[in-house]
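Breakdown of the fold
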Amino acid sequence: MSDEPYVIVGSGPAAAAAATQLVARGLPVTVLNDGSLVPPGWVVRINGRSVFRRDRQIGLECIDETESSSEWIKTASLGGLTNYWTAAVPRFEPHDFTMPGELDHRHAWPIGYDDLEPWYEAAESLLTVTGAAEPEMRGTTQTTFVRPTPSDWQEIVESIGLTGVLTPSAIGRPTFIARRPREFESYRTVLRPMERSGKIEVRAGMTVEQIRWSSADQRAVGVEARDSITGQQRFFPARAVLLAAGAIDSIAILLRSTSADHPGGLGNTHGVLGRFVTDHPRLWCELELDRKLTALDLPILLRNSGTAEVPLGWQQSIGILTTPDRLRSWFGGKTDRFGVNTFGTNLPVDRQHVRLVPHDDGHTVPQVALTYNEETLAVLRDSVPRLQSELAQLGINATAHNVWMSDAGDSVHYTGGARMHHDAKLGVVDAGNQVRGANGVYVCDSACFTTLPEKNPTLTSMAIAMRAASLIAA
Ligand SMILES: Cc1cc2nc3c(=O)[nH]c(=O)nc-3n(C[C@H](O)[C@H](O)[C@H](O)COP(=O)(O)OP(=O)(O)OC[C@H]3O[C@@H](n4cnc5c(N)ncnc54)[C@H](O)[C@@H]3O)c2cc1C
């Protein structure tokens, strides 16, 4: 067993983050990814601006045969969804880990901000984050590069009754040319360099279907995968299996991993696997102002993180809308039209779930059911008039156009379903990401989130993956 590699499933940011920690300790790693597509693209950055980006969104699928009109947006590509992402990487705050449990013990995280603090820093370094030059506009983010926040926006943020930061963004060094669709894409930025230096093996075109369980050894002994070219089944022995296939696929792999010891799938003794899954409810609008403000190269994030009395928060990302405004943003130009993307929060409920359904080719596929309650949607709808009224108090009249609420699942921030909890009846993994009752199996992506605050999840998912991998290695 000691010669067997650690098998990581997936090649997205969570997988890449976990791999760095195993490799740093000299451990053997095999990465298995279902797709072998490396989505084409180019990024050209000059003097801190991404002046050219070629990106044809190849390989992004929207599966909408799900329940409750939820969408599931996924890819079977090397690098996962970082081939398409916007790269906003705010940290969660200490109360994001404590407040949910104070409201309801079902939502208590077993880890806190302090457990993740060093790993946030490590993940930010891996992502090469650019943030605000001013400490008050940067929050807790540790940046590699900084950008001054336009002074008119600083004044607005200071006057408005919300927390505001310049979006911390994984946009890399100020000047480079790269053949990839995004500045940070986890395969070409992290995994491929490790593969080329012989530190890991990446096997593309290997769809992991289930984890093999040994009843005699009472541990997972490897994974069963299907070769996407030959259709043949392959077995990959593993010292430990780290699931990082994206929350929905990681849950599906655990649900398929049935055995006499685990008839409902690994980690499903209490029927909680696949439950409490969530995504951000999202509202989009365009704001037309009666005066011009500096066009924003990096969006401003305004947020209300909720309180114990009013727990449902939201985060508004205010940014440019058009290519001419992008050009203006490089030279300090102004505009009177901005796009506002609002994410709401939603305390996960157990009726939000992932389950397996049969598919035409004899395999099973996950079906996702996401629903948001009326209270959650009302907070989101109110967020735009609230922003208009805050701006009006500063003498800025803002008219909202094209206001629309997206379908559930459209934010692509899937979290939960194999959540962390101290209580085995409410969580699938423990505080070290180990699946309960399944030695050698770890959930290292956002499926392990107990709750999802209003902030973008990927940085936190990478920090958790790094912490888990370092604990596994130890
Ligand atoms: C348009 C867009 C914009 C976004 N913007 C942001 C943002 O600004 N900030 C942010 O925090 N997040 C953003 N996200 C979300 C972010 O991309 C995801 O949260 C993140 O990529 C999830 O990382 P992951 O490693 O868990 O999974 P993924 O990135 O989904 O990667 C999973 C990998 O696993 C592989 N895989 C799946 N199933 C199997 C299997 N059975 N066997 C083997 N391999 C498998 C897939 O091929 C894939 O490579 C955005 C997403 C989109 C689509």
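Refer to the structure above for everything that follows.
**Notes on the packing of helix α1 (residues 13-24) against helix α9 (residues 458-473)**
Two elements in contact, α1 and α9, have axes whose closest approach is 8 Å; the angle formed by their N-to-C orientations is 30 degrees. Two packed elements cross with a definite hand, and for α1 against α9 that hand is right-handed. Residues Pro13, Ala14, Ala17, Ala18, Thr20, Gln21 and Leu22 of α1 lie in contact with α9, whose contacting residues are Thr458, Ser461, Met462, Ala465, Met466, Ala468, Ala469, Ser470 and Ala473. Looking at the contact of α1 with α9 residue by residue, the classes come out as eleven nonpolar, five polar and no charged.

**Regarding the sheet that holds strand β12 (residues 200-204)**
Note on sheets: strands pair through backbone hydrogen bonds, and any given pair is parallel or antiparallel. Read from one edge of the open sheet, five strands run β12-β2-β1-β16-β24, paired in parallel fashion. Sheet topology places β12 and β24 (441-443) at the edges, where each strand pairs with a single neighbour. Sheet twist, expressed as the mean angle between neighbouring strand axes with direction ignored, is 20 degrees. When strand β1 (residues 6-9) meets strand β2 (residues 29-33), the two strands line up parallel, connected through four bridges. Bridge pairing links Ile8 to Val31 in β2. Set on the sheet, helix α5 (residues 186-196) makes contact with β2 and β12; between it and β12 the angle comes to about 115 degrees.

**Comments concerning the pairing of strand β17 (residues 282-294)**
Here β17 pairs with strand β20 (residues 334-344) via nine bridges, running antiparallel. Bridging across to β20, Glu286 finds its partner in Gly339. Pairing analysis gives six bridges linking β17 to strand β23 (residues 398-405), with the strands arranged antiparallel. The residue bridging Leu289 from the neighbouring strand is Ala398, located in β23.

**Observations regarding the site of the ligand**
Looking at the ligand, there are 39 residues lining it, with Gly10, Gly12, Gly80, Gly246 and Thr458 nearest. For the shell around the ligand, the elements supplying multiple residues, two or more each, are α1, β2, β6 (72-75), β13 (206-214), α6 (247-256) and α9. Per-element accounting of the shell around the ligand gives the leading share, three residues, to α1. Residue composition of the shell around the ligand, grouped by class: 19 nonpolar, 17 polar and three charged.

**Digging into the sheet that holds strand β18 (residues 300-304)**
Taken in spatial order, the six strands line up as β9-β18-β19-β20-β17-β23 in an open sheet, and their pairing is antiparallel. Two strands bound the open sheet, and with one partner strand each, they are β9 (163-166) and β23. Adjacent strand axes in the sheet meet at a mean angle of 20 degrees, parallel and antiparallel pairs treated alike. Lying on the sheet, helix α4 (residues 151-159) is in contact with β9, β17 and β18; it crosses β17 at an angle near 120 degrees. Each of β17, β19 (314-319), β20 and β23 is contacted by helix α8 (residues 374-393), which is oriented at about 165 degrees to β23, the strand it contacts most.

Reading the values: rules and limits
Residues numbered from 1 in each chain as written. Predicted model: local features only at pLDDT ≥ 70, side-chain atom pairs only at ≥ 80, totals over all residues. Axes fitted to C-alpha atoms, helices over the stretch in contact; angles between N-to-C directions. Helix = DSSP H or I, 4+ residues; strand = E, 2+ residues; numbered from the N terminus. Left-handed = near helix turned anticlockwise from the far one by under 90°. Contact = placed C-beta atoms within 7 Å. Nonpolar A, V, L, I, M, F, W, Y, C, P; charged D, E, K, R; others polar. Pairing = 2+ DSSP bridges. Near = placed C-beta within 6 Å.

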